[in-house]
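Structural overview
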Amino acid sequence: MKNMKKVFALLLAATMVFSLAACGSSKSDSKSDSSEKKEEAKEDSGDKVKIGFAPYTLTNEYFSAVLNGVQEACDELGYELVYNDPQSDSTTQAQQVDDMIAQGISGLVYIPNDSANARSVLQACKDAGVFVINVDNVIKEDDYELCDGIIASDNEGLGRLSGEWVAKNHPDGANILIAHLQTAESCVVNVDGFWKGIKENVKDDSKFKEVQVVEGGGATDVTYKAVSDALSAHPDIDVIYCINDTSALGAIQAVEDAGLTGKVDILGKDAAPNGKKAISEGKMVQSSGQCPSQMGYDGVYEISELLAGNKIEFNVAIDAYNVDKDNIDDYDLDAWDEITHKNK
Amino acid sequence: MANNKSIAVKDSNAVVNYFKKNFGVILGLVILNVIFAVTTKNYFTASNILTMLQNNAVNAIICCGMLMAILMGQIDISVGSTVGLTGMVGAYLITNLHCNFFLALVISLLVGLIIGLINGFCIAYLKIPAFVATLATMSIGRGVCKIISKGISIRIRDDAYNAIAGTKIVIPGTEALSANGRVPLSVSVILIYAIILLALTWLLLNKTKFGYYIYAIGGNETAAKYSGIDTKLYNLLPYVITGGLCAVGGIIWASKLQGVQSTLGESFEMDAISAVVIGGTSMSGGSGTVGGTIIGILIIAVLSNGLNVMGVNSFWQDVFKGIIIIVAVVIDVLRKSKKR
């Protein structure tokens, strides 16, 4: 018995140590990308201008799309791109930005992992004379002074478009399930916008009931389980609003399993390739589109303006657009957004 | 529940023993069910119970492997990552390489077995502690999964592949029992896979030399070695089996969701370890049963489904799961110390 206790205590201690180690072990390799167009390099020394990109994570297609935009702009301008994958960890991200500064970046396209903890990163860049364009996840207002420009999606507007769709297509009211990602501020703003979109467009908003909020983690499998449980609890659900298309795919499957296909309207967000395909197959009804590639692309061009000594508009909001079965044919199902405003 | 009983149904003594042995956890399961049935309107319905069992079937399959690892006094924390990687490999082969469905299955399964082989080799032959070895393969597996997928999710549009887990056995005439009264109840084929694999695991652990050796190694490795058991080989094999089981889990989720996201399987190891431990398996090895583990799986299932149906915020679910683990282990320890 005594022996067993010892073993158990040891195991427990080991678990703690290793889970700590696991937290700290998410180092990732630094990747450098260079392009051929040397003649466009702007530095006097002849070296290429280096641009850093600090994403939220790269294991998410949305942020991969931002990266594509950043890469395209860097190729066009002849900049060298340096980026890392912080794997959703703000401490790792801060270290990686320090590394990038040490590598001599002139500007940083920055998506903070935790907007509340962005100050130290911004300060480090300011001290090193690195221009920072904050994209997507916006920093706190009292940190604005440390930043050179902000480009973000209109998160409230994205939700509002989906809310308007519900108001238009369910004029007599609806029982609504939200598949949330409650830890992300942008999703909270987004869901608020969704309700505003409904309330501003109907006469009697009391008929629109939030029957439940489930945590889908923004992931297909988690959302699938949570939504199928919620459908058991509330067989009268009419509308499921998911905070991204990836989680909407899980909701689609859960609804299909419950034999409710066609009776429940599923709305996603992002107008991601998977979401657009689901709309074209009639499995999802609406998705509000963001422009991740455009955002990354514009971020790099803003840095190029700053490097040339020009002034830029400090706060740029990128409009959301509505994708549903009526206009799905206008979009490329395999791509995220297209970079529509080139070389401004 | 039905399948626990079937294990020992022929011998009434065995049934009595089973209930005696697992009294604490069975009582816990019953209490949880009563609480949810009384407080939550749509919990104790046939369709919800079926949904709950189906959603936890993959956990049951993983638990078959986790049980063997813990029986040997070791652990395998790479299971979730292996589920994600094998699912992703299958999706990539079918969607990006337009591979034959059968070949994709075989390769996915092989990937799972190879990860198991690496785990087993590192643990049994290189004597790396199981936690460290599987921590490493967990990291490698998740990394490769993200490399293959480039961080984006892959959809599967192959009817044969999607039928693997999408097939349902409809029970005619049960419309009245379903959640909305419109469609008849159906049993997902996933549930049948889980029951078959649990039964096979029971046979393996109770009716073969292999099982006998596992318990012997878990109870006292030195004694097992001196009695002539090839302890290294029998320490390696359970990990290979676990890898294969995880591949089955990965294929099921990929097929069920008709696509794979690179985060598939994250934290699956937590549910598997919890279920095995709640089921009365000793972390120091040597004692634990499939029957107990099934109760553990059901407790985890009831807890996550019940709290969802009740509408409790998912953040609280993690807290409750932790509390249940502590309570289960305390009951187990108290019962054991009483016996002595």
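This part is about the overall build of chain B. Broken down by element type, chain B carries 16 helices and four strands. If you line up chain B on its principal axes, its C-alpha atoms span 60 × 50 × 40 Å. Looking at chain B residue by residue over its 340 residues, the buried ones come to 54%. Considering only contacts within chain B whose residues lie at least 6 apart along the sequence, 75% involve residues at least 24 apart. Carbon and sulfur atoms provide 69% of the accessible area of chain B, an area that totals close to 14,500 Å². Between the centroid of the 24 positive side chains of chain B and the centroid of its 12 negative side chains there is a distance of 6 Å.

As a further point, take the sheet that holds strand β7 (residues 174-180) of chain A. All names here are of chain A. Pairing is mixed across the open sheet formed by six strands, whose spatial order is β8-β7-β9-β10-β11-β13. The open sheet is flanked by β8 (208-215) and β13 (321-324), the only strands paired with a single partner. When the angles between neighbouring strand axes are averaged without regard to direction, this sheet yields 20°. By the bridge criterion, seven bridges tie β7 to β8 in an arrangement that is parallel.

Glancing now at the environment of D334 of chain A. Residues and elements named next belong to chain A. With respect to the helices and strands, the residue D334 is situated in the segment after β13. The class of D334 is exposed, set by a relative accessible area of 59%. Counting along the chain gives 58 residues from D334 to K276, while the straight-line C-alpha distance between them is 8.3 Å. In contact with D334, other than residues within four places in its own chain, are P273 and K277. Reaching out from D334, the side chain makes a polar contact with the side chain of K277 at a distance of 3.3 Å.

Let's shift gears to helix α2 (residues 61-77) of chain A. Taking 1.5 Å as the rise per residue, α2 of chain A with 17 residues should run 24 Å; its terminal C-alpha atoms sit 24 Å apart, in good agreement. G78 of chain A sits one or two residues past α2 of chain A and shows a positive phi near 75°.

What follows covers the domain arrangement of chain A. Splitting chain A by domain gives domain 1 (26-147 + 292-318) and domain 2 (155-289). Here domain 1 of chain A and domain 2 of chain A have C-alpha centroids that lie 33 Å from each other.

The next subject is the interface of chain B and chain A. Many authors give the size of an interface as the accessible area that is lost as the parts come together. Every contact between the two is made by 42 residues of chain B and, on the other side, 44 residues of chain A. For the pair chain B and chain A, the two sides together bury roughly 3,800 Å², of which 55% comes from carbon and sulfur. If you look at where chain B meets chain A, you find four salt bridges. At the surface where chain B touches chain A, the tally comes to 13 residue pairs in polar contact (both at pLDDT 80 or more). Within the residue set of the side of chain B that touches chain A, elements represented by two or more residues are α4 (46-55), α8 (130-149), α13 (231-257), α15 (290-310) and α16 (314-339) of chain B. Residue composition of the side of chain B that touches chain A, by class: 14 nonpolar, 20 polar and eight charged.

What follows concerns the pairing of strand β2 (residues 50-54) of chain A. Taking burial as the measure, the five residues of β2 of chain A include four buried ones, the bulk of the element. Running through α2 of chain A, the crossover from β2 of chain A to the neighbouring parallel element strand β3 (residues 80-83) of chain A is right-handed.

Attention shifts here to the packing of aromatic side chains. Within the structure shown, the criterion is met by 17 aromatic pairs over all chains. Aromatic pair F194 of chain A and W195 of chain A: ring centres 5.6 Å apart, planes at 70°, arrangement edge-to-face.

The next thing to look at is a nonpolar patch on the surface. Together, F102, V106, L109, L110, L113, I114 and I118 of chain B make up an exposed nonpolar region whose accessible area comes to about 590 Å². Residue position: F102 of chain B is located in helix α7 (residues 101-125).

So, on to the state of the cysteines. Inspection of the entire model under this criterion finds zero disulfides over all chains. Not engaged in a disulfide, the cysteine C74 of chain A finds its nearest cysteine sulfur in C125 of chain A; these two sulfurs lie 15 Å apart. Exposure remark for C74 of chain A: the relative accessible area of 0% places this residue in the buried category. No disulfide involves C246 of chain B; its nearest neighbouring cysteine sulfur is the one of C63 of chain B, lying 10 Å away.

Attention now moves to the pairing of β7 of chain A. Residue and element names in this part refer to chain A. Taking burial as the measure, the seven residues of β7 include seven buried ones, the bulk of the element. The handedness of the β7 to β8 crossover, carried by helix α6 (residues 185-199), is right-handed. Judged from the four bridges that link them, β7 and strand β9 (residues 239-242) form a sheet pairing that is parallel. Paired with A179 across the strands is C242, a residue of β9.

Moving on: the nonpolar core. It is characteristic of soluble globular proteins that their nonpolar side chains tend to be buried jointly. Counting 154 residues, the largest nonpolar core has F53, V227, I240 and I266 of chain A as the members making the most contacts within it. Per-element tally for this core: the top contributor is helix α5 (residues 57-71) of chain B, with 13 residues. The residue makeup of this core includes at least three contributed by each of domain 1 (26-147 + 292-318) and domain 2 (155-289) of chain A. Setting aside its immediate chain neighbours within four residues, F53 of chain A contacts F63, V66, L67, V70, L81, V82, Y83, N84, M100, L108, V109 and I111 of chain A. Residues V166, I176, I198 and V239 of chain A belong to the second largest nonpolar core, which totals 19 residues.

For the rest of this paragraph, the subject is the packing of α5 of chain B against α15 of chain B. All names here are of chain B. Here α5 crosses α15 at 140°, and the two axes come no closer than 10 Å. Between α5 and α15, the crossing angle belongs to the class labelled oblique. The interaxial crossing formed by α5 with α15 has right-handed handedness. Contacts between α5 and α15 involve N59, A60, C63 and L67 from the former and V290, T293, I297 and I300 from the latter.

The rules we used
Residues numbered from 1 in each chain as written. Chains lettered and ligands numbered in written order. Predicted model: local features only at pLDDT ≥ 70, side-chain atom pairs only at ≥ 80, totals over all residues. Heavy atoms only, no water. Helix = DSSP H or I, 4+ residues; strand = E, 2+ residues; numbered from the N terminus. Buried < 20%, exposed > 50% of the residue type's maximum accessible area, 1.4 Å probe, protein only. Contact = heavy atoms within 4.5 Å. Areas by Shrake-Rupley, 256 points an atom, 1.4 Å probe, with all protein chains shown as cover. Lys, Arg positive; Asp, Glu negative; His and termini not counted. Charge placed at Lys NZ, Arg CZ, Asp CG, Glu CD. Pairing = 2+ DSSP bridges. Axes fitted to C-alpha atoms, helices over the stretch in contact; angles between N-to-C directions. Polar contact = N/O pair within 3.5 Å; in protein donor to acceptor, adjacent residues only side chain to side chain. Expected span 1.5 Å × (residues − 1). Domains from an automatic or database assignment. Buried area = accessible area lost by both parts, 1.4 Å probe. Salt bridge = Lys/Arg side-chain N within 4 Å of Asp/Glu carboxyl O. Nonpolar A, V, L, I, M, F, W, Y, C, P; charged D, E, K, R; others polar. Right-handed = clockwise from strand over helix to strand, strands pointing away. Phe/Tyr/Trp six-rings, centres within 6.5 Å; stacked < 30°, edge-to-face > 60°. Patch = residues over 30% accessible without salt bridge, like charges linked within 9 Å, V, L, I, M, F, W, Y side chains within 5 Å. Disulfide = S-S within 2.5 Å. Core = buried A, V, L, I, M, F, W, Y, C linked by side-chain atoms within 4.5 Å. Parallel < 35°, antiparallel > 145°, perpendicular 65-115°, else oblique. Left-handed = near helix turned anticlockwise from the far one by under 90°.

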